[in-house]
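The primary structure of each chain is shown beneath.
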Protein chains: 2
Amino acid sequence: MSLVDPAVFHPEPNPAYPPCAAGREPDLAALRGEVAIELALRHAGNRRVRLAWELQGAADAPVVLVAGGISAHRHLAPSATFPEPGWAGALAEPSRTLDPARFRLLGLDYVGADGRLDAPIDTADQADAVAALLSHLRIGRLHAFVGYSYGALVGLQFAVRHSARLERLVAVSGAHRPHPYAAAWRALQRRAVALGQLQCADAQGLSLARQFAMLSYRTQEEFAERFDAPPEIVNGRVRVAAEDYLDAAGARYVARTPVDAWLRLSESIDLHRIDPAAVAVPTTVIAVEGDRLVPLSDSVALVEGLGAHGSLRVLRSAYGHDAFLKETDRIDALLRNALHPHGEIA
Amino acid sequence: MSLVDPAVFHPEPNPAYPPCAAGREPDLAALRGEVAIELALRHAGNRRVRLAWELQGAADAPVVLVAGGISAHRHLAPSATFPEPGWAGALAEPSRTLDPARFRLLGLDYVGADGRLDAPIDTADQADAVAALLSHLRIGRLHAFVGYSYGALVGLQFAVRHSARLERLVAVSGAHRPHPYAAAWRALQRRAVALGQLQCADAQGLSLARQFAMLSYRTQEEFAERFDAPPEIVNGRVRVAAEDYLDAAGARYVARTPVDAWLRLSESIDLHRIDPAAVAVPTTVIAVEGDRLVPLSDSVALVEGLGAHGSLRVLRSAYGHDAFLKETDRIDALLRNALHPHGEIA
C-alpha cells in the first residue's frame with residue numbers, strides 16, 4: 001500500500017506538525033495545520049485547495065477521523081491547546097468511546113468550507129482530499145472513519161476509493177445516495193440563496209436557506225413540544241411561535257458561513273452516489289428512525305448492498321437527522337460497539 | 001333559527017340568482033354570483049368583502065358545501081353552464097357520492113382569495129362569511145359541509161359558530177389547530193415571499209414559496225418514485241431531478257394567485273384554533289397517514305375532543321396531504337359512508 005498517491009499529493013512544508021515518533025509519551029495536546037494539495041475534481045478539473053486539520057489525543061494511539069455535517073469543521077473538542085468548545089465535544093471526552101487518551105482524533109475542514117472554491121465538489125473529491133491529508137500527516141491507516149451526515153457520505157466514498165487506508169467505517173445518518181425528496185428540499189434552499197443574491201441580500205437568502213434546513217434536521221415531535229403557543233400578530237402580520245428560534249438559527253449560521261461554501265457543500269450532498277457493493281471494509285450504518293432527510297428505508301438499502309461488510313443499528317429520536325449531536329449517550333454506546341467490536345480496547 | 005344574521009348580512013341584489021322554488025324540475029345547470037357582505041374580522045375590524053360562489057346540481061336537492069385548500073375556488077366541477085374542469089371534479093360527477101343529481105353542490109372563493117383584503121383573516125371570519133352567503137342564497141341548513149385542508153378548518157369553525165345551519169361535517173386533512181412544525185414551514189414560505197418583495201421580485205418569491213409548499217403536500221415515497229435520476233450540472237450549478245417539476249408548479253401557481261391572497265390565507269391557517277368540545281354536529285374526520293402537515297396524532301386528538309360527535313377514518317397514501325385530490329376512489333367511498341350514514345340516499 002502506498003501512503004502517498006502522487007496524483008493528488010503535493011504537500012507543502014508544515015513546520016507546525018511534528019511527525020509521530022514511536023515511544024513518545026502520550027501527548028494530549030492538539031495540533032493544527034493547513035496543507036495545500038492539488039485535487040483532480042470530478043466535475044471541475046484540477047484545482048489547488050487548502051485543507052485545514054486538527055489532531056488531538058495520544059500521539060501513538062490509533063487514529064480515528066471524525067467527520068460531521070457540511071457545517072462541521074476541524075475542531076472536534078476542547079483541549080489544553082485549543083480550549084474552545086468543539087462541534088463533537090459531547091462525544092469526544094475521557095468518559096466516551098472517542099476518548100482522546102485512547103484514540104488520536106483527526107478533524108478537518110471540508111474542501112470548499114472556506115468559500116474559496118466556487119465549483120461543483122463531489123464527495124469523491126473530499127475522500128481523495130482526506131487520503132492526501134493522511135499522507136501529509138504520515139498516517140498510513142485509520143483505525144476508523146466516523147462520519148455523520150455529510151461525513152457519512154465522504155466516509156463511504158473513502159471506503160470505496162481508499163479502502164487500504166481504513167479498518168472500519170461508521171456511517172451515521174447518511175446513505176449511498178441522497179433521497180430525491182431531500183435533494184429537492186436542498187435545491188429549494190439553494191434557490192432561496194439565489195433569490196437573495198438577486199438583490200445583494202446574500203445574508204438574508206442564506207439565513208432563509210438555513211431556516212428551511214433546520215426543519216429538515218429536526219422533527220414534528222420536537223416542534224410540537226417547544227413551539228405550541230398560538231401565533232401573534234406583529235405589525236399586521238402573523239408570527240408563529242417558532243420564528244424567534246428560526247431567526248436566531250439563521251443569524252448564527254450566516255455569521256460563520258460563507259455563502260459559496262454553503263452552496264457548494266449543499267450541492268455536494270446531491271452529487272453523492274456510491275455503489276454499496278464497492279465498499280470493502282467493515283461498515284456500521286447507524287440510522288435514525290424519524291430522520292426526515294435519510295429515511296430508514298435508504299439505510300436498509302445501503303446495508304443490504306454492503307452485504308457481509310455491513311451492519312445496521314437503528315435508534316428512534318425526536319431530534320431526527322440531528323440525533324448524532326443530541327443523543328450523545330446512545331450514539332456513544334453505538335460507537336463503542338462499532339469501534340471495539342471484540343472488546344479489544346476495554 | 002334565523003337565516004339571516006343582521007350583524008353580518010348586507011346582501012346586494014343578485015339578479016343572476018333565481019330563488020329556489022319548490023316543485024321546480026331538477027336543473028343540473030350551474031349558477032354563479034357574487035355578494036358583498038360586511039364582516040367583523042376577528043383581528044382587523046369591520047371590512048366589506050366580496051364573496052364569489054357557484055351552485056351546481058338539482059335545485060331541490062340537499063345542499064353540500066365543498067370547500068378545499070387555500071388555492072381552491074368556487075368552481076368544483078364542470079357543468080353544462082361552466083364546462084371547464086373544476087378543482088374537485090373527480091369527486092363531483094354522476095358516479096360519485098357528490099353526484100350533482102343527488103346533491104346541490106356549493107363552492108365559494110374564500111374571503112381574501114381575490115387579493116384585495118390585506119389584513120389577517122381568521123378561519124372564524126371565513127365561517128361567518130359562509131353563514132352570510134347561505135343567508136343570501138336562502139339556504140337554511142347544509143346537508144353537509146365537506147372541507148378539505150383549509151376547508152376542514154373553516155368547516156370546524158362553522159360547526160362551532162353556526163351549528164344550527166349544519167347537519168354534518170366531514171373534515172379531511174385538517175385539525176383543531178395547525179401543527180407547530182407545519183406552522184413553521186408556512187412561516188418560512190411567507191419569508192420567501194418577503195425576500196422576493198424586497199426587490200419587487202414578488203413572483204419569484206411566491207413561486208419559491210409554492211415550491212416549498214409542494215414538499216409539504218407530498219411525500220418522500222412519491223418523490224422517490226418520480227425523481228430518482230442523478231442530478232445534472234447546468235451552467236456550473238447542480239440541478240436535481242425534481243427541479244423541472246418544481247419550476248412548473250411554481251410558475252402555474254404564480255400565474256393564478258395574487259401574492260396578498262396567498263400570504264393572508266397562509267397566515268389564516270396558522271391563526272386557526274378551535275375547541276373540539278365546542279363542535280356539536282356529527283363530524284367525520286378523515287386523516288391521511290403520511291400527511292406531513294397534519295400528523296395522524298393531531299387528527300386523533302381532534303376526534304378525542306369531539307367525543308360522541310366524532311368518528312375517525314384513516315387512509316394511507318403516498319400523496320400525503322394531497323390525498324383528497326388524488327385518492328379519489330377511496331375518498332369517495334369514505335364520503336359515501338359519511339354523507340349517507342344510514343343508507344337513506346342509496
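Residues numbered from 1 in each chain as written. Chains lettered and ligands numbered in written order. Predicted model: local features only at pLDDT ≥ 70, side-chain atom pairs only at ≥ 80, totals over all residues. Heavy atoms only, no water.

Draft legend 1. Expanded view of the domain arrangement of chain A. All names here are of chain A. On domain assignment, one finds that chain A holds domain 1 (30-177 + 272-339) and domain 2 (182-269). Using C-alpha coordinates to define each centre, domain 1 is positioned 25 Å away from domain 2. Summing both partners gives a buried area of about 2200 Å² for domain 1 against domain 2, and 53% of it is carried by carbon and sulfur. Per-residue buried area on domain 1 facing domain 2 is highest for Ile70, Arg292 and Leu293; these three make up 31% of the total on that side. Across the pair Arg218 and Asp322 runs a salt bridge, and its minimum N-O distance is 2.7 Å. The tally of links between domain 1 and domain 2 comes to 11 residue pairs in polar contact (both at pLDDT 80 or more). Mapped by element, the contributors of at least two residues to the side of domain 1 that touches domain 2 are α1 (123-136) and α2 (150-161). (Domains from an automatic or database assignment. Buried area = accessible area lost by both parts, 1.4 Å probe. Salt bridge = Lys/Arg side-chain N within 4 Å of Asp/Glu carboxyl O. Polar contact = N/O pair within 3.5 Å; in protein donor to acceptor, adjacent residues only side chain to side chain. Helix = DSSP H or I, 4+ residues; strand = E, 2+ residues; numbered from the N terminus.)

Draft legend 2. A look at the interface of chain A and chain B. Of the residues lining the interface, 56 residues belong to chain A; the matching set on chain B comes to 55 residues. For the pair chain A and chain B, the summed buried area comes to about 4900 Å², and 61% of that belongs to carbon and sulfur atoms. By the criterion of area lost to chain B, the three top residues of chain A are A:Tyr181, A:Leu188 and A:Arg191, representing 15% of everything that side buries. Here chain A and chain B share 10 salt bridges between them. Between A:Asp228 and B:Arg177 there is a salt bridge, and its shortest N-O distance comes to 2.7 Å. In this structure, the connection of chain A to chain B is made through 23 residue pairs in polar contact (both at pLDDT 80 or more). When contributions to the side of chain A that touches chain B are tallied by element, the ones reaching two or more residues are α3 (180-197), α4 (202-217), α5 (220-226), β8 (237-239), α6 (243-256) and α7 (259-271) of chain A. (Contact = heavy atoms within 4.5 Å.)

Draft legend 3. Just the sheet that holds strand β2 (residues 45-56) of chain B, in detail. Residues and elements named next belong to chain B. Taking strand neighbours across the sheet as the criterion, the eight strands line up as β1-β2-β4-β3-β5-β6-β9-β10 in an open arrangement whose pairing is mixed. Lying at the two open borders of the sheet, with one neighbouring strand each, are β1 (30-41) and β10 (310-316). Each adjacent strand pair in this sheet contributes to an overall mean axis angle of 20°, direction not counted. Pairing between strand β3 (residues 63-67) and strand β5 (residues 144-148): four bridges, direction parallel. Among the inter-strand pairings, Val64 is bridged to a residue of β5, identified as Ala144. With respect to the sheet, helix α1 (residues 123-136) is in contact with β1, β2, β3, β4 (104-108) and β5, its orientation differing from that of β1 by roughly 130°. Against the sheet, helix α10 (residues 328-339) engages β3, β5, β6 (169-172), β9 (283-289) and β10, with an angle of about 170° to β10. (Pairing = 2+ DSSP bridges. Axes fitted to C-alpha atoms, helices over the stretch in contact; angles between N-to-C directions.)

Draft legend 4. Summary view of the relation of the copies chain A and chain B. Overlay of chain A on chain B (RMSD 0.0 Å): rotation 180°, translation along the axis 0.0 Å. Considering both components of the superposition, the chain copies are consistent with a two-fold axis. Ranked by how close their C-alpha atoms come to the rotation axis, the residues of chain A are headed by A:Gln199, at 3.2 Å. Interface overlap between copies: 98% of the residues of chain A at the interface are likewise at the interface in chain B, consistent with a symmetric, same-surface contact. (Least-squares fit on C-alpha atoms with pLDDT ≥ 70 in both.)

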